[in-house]
Amino acid sequence: MGVFEMVSADGYEQVDFWFDKPTGLKAIIAIHSTTLGPALGGVRMWPYKSEEEALTDVLRLAKGMTYKAAAAGLNLGGGKAVIIGDPKQQKSEALLRAFGRAVESLHGRYITAEDMGTNIWDMDHISVETRYVTGLLASKGGSGDPSPVTAYGVYTGLKACCKEVFGDASLNGKTVAIQGTGSVGYNLAKHVYKEGGRVVATDVSGENLERVVRDFNVETVKPEDIYGVDCEIFAPCAVGAVINDQTINRLKCKIIAGAANNQLEHERHGDLLHQKGILYAPDFVINAGGLLNVYEELHGYNRERAMQKVGQLFQAITSIVQMSRRENIPTYQAANHVAEDRIRLIREVSRTYLKRN
Ligand code: NAD
């Protein structure tokens, strides 16, 4: 498929290719939509095997950000950037600053942040060249590590799902199976533990698993056994595509609610969960805490206000679950409808003329 065909298929507004010979920067910035506001999305640095693979990834991720921001009720559009290269070998101050200048030249249509292969220190270099960067160090007025905020959002979403399924939002006495006890999984385990829930966890990293066992007394299982844990809630907090043909019939949970991106291998797995009566909290809604957190940076960061906004994910998840029931559609479809309806309506609002100086 040609580049313009790929770009027009899902209605992207703008895709920019950046090359800077002295630093070796090869970057693509994709802006999917700015209907609701500037397109905010992280910059991923990855050794893509081909330029086509990089383009496919950035387009998919940018569109995902449009939906995430829209469903979270933020005045943000969707965008994303990728830098082609190995972050361990090719990342340098100069390359990051060259990328920062590319971002600045878009005059705020795109705002960057960290993603896979980039970190808070990289954002510091980028910020020398552009105002349009978030996810900065707390000492520089930024929001710092987003994981505790994301975890709080997931915890809030878990409670909303419990309210819908069991008629009671409390996690006391409920079993939560957490897959992945990294930054988000660790903090989620803490919330569940504090509320009197039972946590069964797994991780491929012994070190990360030991930490949650030590701090929150969790029970552990082997990575492959997490799907069959007898529990109320399964919380994927590691990698994507974990709801697939191999795992779906092993699940004993009533709810799937976790931080990982793209949990459904294919949409049809979301249809299957709906048929089986397992409530799936759409990942891009329940894990929006990190985005809500960096969004707050645009208005002068305040952790308390960010947490308060993230707490509103309870209502966002509740509305989606209720729409799914009312219309007898899978929750992932309900979440897409919420995002698409909001974008359509706000586009309509923008049609009347306003004189601006
Ligand atoms: P992380 O890298 O800190 O933790 C991931 C953990 O999962 C690690 O401990 C890793 O060893 C473990 N893991 C990897 N593969 C596994 C497997 N097959 N089985 C069991 N454990 C496995 O990442 P994180 O920041 O905690 O993020 C977790 C997920 O949530 C990711 O998918 C991420 O994209 C998503 N997410 C994170 C944030 C955030 O604010 N950090 C925001 C939105 C979405």
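As the structure is a prediction and not an experimental result, all values here were calculated from the model.

Thresholds, definitions, all that
- Residues numbered from 1 in each chain as written.
- Predicted model: local features only at pLDDT ≥ 70, side-chain atom pairs only at ≥ 80, totals over all residues.
- Heavy atoms only, no water.
- Helix = DSSP H or I, 4+ residues; strand = E, 2+ residues; numbered from the N terminus.
- Rg over C-alpha atoms; globule rule 2.2 N^0.38 Å.
- Buried < 20%, exposed > 50% of the residue type's maximum accessible area, 1.4 Å probe, protein only.
- Contact = heavy atoms within 4.5 Å.
- Areas by Shrake-Rupley, 256 points an atom, 1.4 Å probe, with all protein chains shown as cover.
- Lys, Arg positive; Asp, Glu negative; His and termini not counted.
- Charge placed at Lys NZ, Arg CZ, Asp CG, Glu CD.
- Pairing = 2+ DSSP bridges.
- Core = buried A, V, L, I, M, F, W, Y, C linked by side-chain atoms within 4.5 Å.
- Domains from an automatic or database assignment.
- Axes fitted to C-alpha atoms, helices over the stretch in contact; angles between N-to-C directions.
- Parallel < 35°, antiparallel > 145°, perpendicular 65-115°, else oblique.
- Left-handed = near helix turned anticlockwise from the far one by under 90°.
- Expected span 1.5 Å × (residues − 1).
- Salt bridge = Lys/Arg side-chain N within 4 Å of Asp/Glu carboxyl O.
- Buried area = accessible area lost by both parts, 1.4 Å probe.
- Phe/Tyr/Trp six-rings, centres within 6.5 Å; stacked < 30°, edge-to-face > 60°.
- Nonpolar A, V, L, I, M, F, W, Y, C, P; charged D, E, K, R; others polar.

A. Summary view of the overall build of the chain. Scanning the chain for helices and strands turns up 14 helices and twelve strands. Computed over C-alpha atoms, the radius of gyration of the chain comes to 20 Å, within 12% of the 21 Å expected from 2.2 N^0.38 for 357 residues, which places it in the range of a compact globule. Looking at the chain residue by residue over its 357 residues, the buried ones come to 54%. Across the chain, every contact between residues at least 6 apart in sequence was considered, and the portion connecting residues at least 24 apart equals 64%. On the chain, roughly 16600 Å² of surface is accessible, and the fraction owed to carbon and sulfur atoms is 49%. Side chains of the chain give 40 positive and 42 negative charges; the mean places of these two sets differ by 4 Å.

B. Inspection of the pairing of strand β10 (residues 233-236) at higher detail. Of the two faces of β10, the one carrying I233 and A235 and the one carrying F234 and P236 are both buried. The sheet contact formed by strand β7 (residues 175-179) and β10 spans four bridges and is parallel. Paired with Q179 across the bridge in β10 is P236. For β10 and strand β11 (residues 255-256), the ladder comprises two bridges, and the chain directions are parallel. Its bridge partner lying in β11, I233 is registered against I255.

C. Structural detail: the nonpolar core. One finds F99, Y110, L158, I178 and L188 to be the most contacted residues of the largest nonpolar core, which totals 82 residues. Built from parts of two domains, this core gets at least three residues from each of domain 1 (3-67 + 76-139) and domain 2 (147-335). Among residues more than four places away in sequence, those in contact with L158 are L171, V176, L188, V192, I233, A257 and I286. In this structure, V200, C231, F234 and Y280 belong to the second largest nonpolar core, which totals 18 residues.

D. Structural view of the packing of helix α13 (residues 313-327) against helix α14 (residues 331-349). Orientation of α13 relative to α14, taken along the N-to-C sense of each, is 115°, at an axis distance of 8 Å. The orientation of α13 with respect to α14, classified from their angle, is roughly perpendicular. When you trace α13 past α14, the crossing you get is right-handed. Between α13 and α14, the contacting residues are I320, M323 and S324 on the first element and T331, A334, A335, H337 and V338 on the second.

E. Summary view of α13. With 15 residues, α13 extends 21 Å from end C-alpha to end C-alpha; this agrees with the ideal 21 Å at 1.5 Å per step. Every buried residue belonging to α13 is among L313, A316, I317, T318, I320, V321, M323 and S324, and all of these are buried. Just beyond α13, the residue with positive phi is N328, at close to 50°.

F. Up close: the pattern of salt bridges. Taken as a whole and assessed by the stated rule, the structure comprises 21 salt bridges. Among the ionic pairs, K140 bridges to D124, the shortest N-O distance being 2.9 Å. One end of the pair, K140, is in the loop between α5 (120-129) and α6 (147-166); the other, D124, is in helix α5, and 16 residues separate them in sequence. When the shortest N-O distance is used, the salt bridge between D215 and R214 registers 2.9 Å. Overall, the relative accessible area of 61% leaves R214 in the exposed class. Sharing partners across several salt bridges, the network here consists of R44, D57, R60, K80 and D115.

G. Examining the domain arrangement of the chain more closely. Looking at the assigned domains, one finds that the chain contains domain 1 (3-67 + 76-139) and domain 2 (147-335). Here the C-alpha centre of domain 2 lies 28 Å away from the C-alpha centre of domain 1. Listed by partner, the interface residues are ten residues for domain 1 and seven residues for domain 2. Across the domain 1 to domain 2 interface the summed buried area is about 700 Å²; carbon plus sulfur atoms make up 74%.

H. Examining the packing of aromatic side chains more closely. Under the counting rule described, the total for this entry stands at five aromatic pairs. For the pair Y67 and F284, a centre-to-centre distance of 6.4 Å together with 85° between the ring planes defines the contact as edge-to-face. You can see Y67 sitting in helix α2 (residues 51-71) and its partner F284 sitting in helix α10 (residues 283-286), a full 217 residues away along the chain. Given the relative accessible area of 15%, Y67 is considered buried. On the basis of relative accessible area, F284 is assigned to the buried category, the value being 16%. Relative to F216, the ring of Y186 has its centre 5.0 Å away and its plane inclined at 50°; by these criteria the two rings are tilted. Here Y186, found in helix α7 (residues 183-194), pairs with F216, found in helix α8 (residues 206-216); they are 30 residues apart in sequence, far enough to count as distant.

I. Structural detail: the packing of helix α9 (residues 267-276) against α14. Where α9 contacts α14, the axes come no closer than 8 Å and their chain directions differ by 115°. For the pair α9 and α14, the contacting residues are E267, G270 and D271 in the first and Y332, Q333 and N336 in the second. Of the residues in the contact of α9 with α14, the class split is one nonpolar, three polar and two charged.

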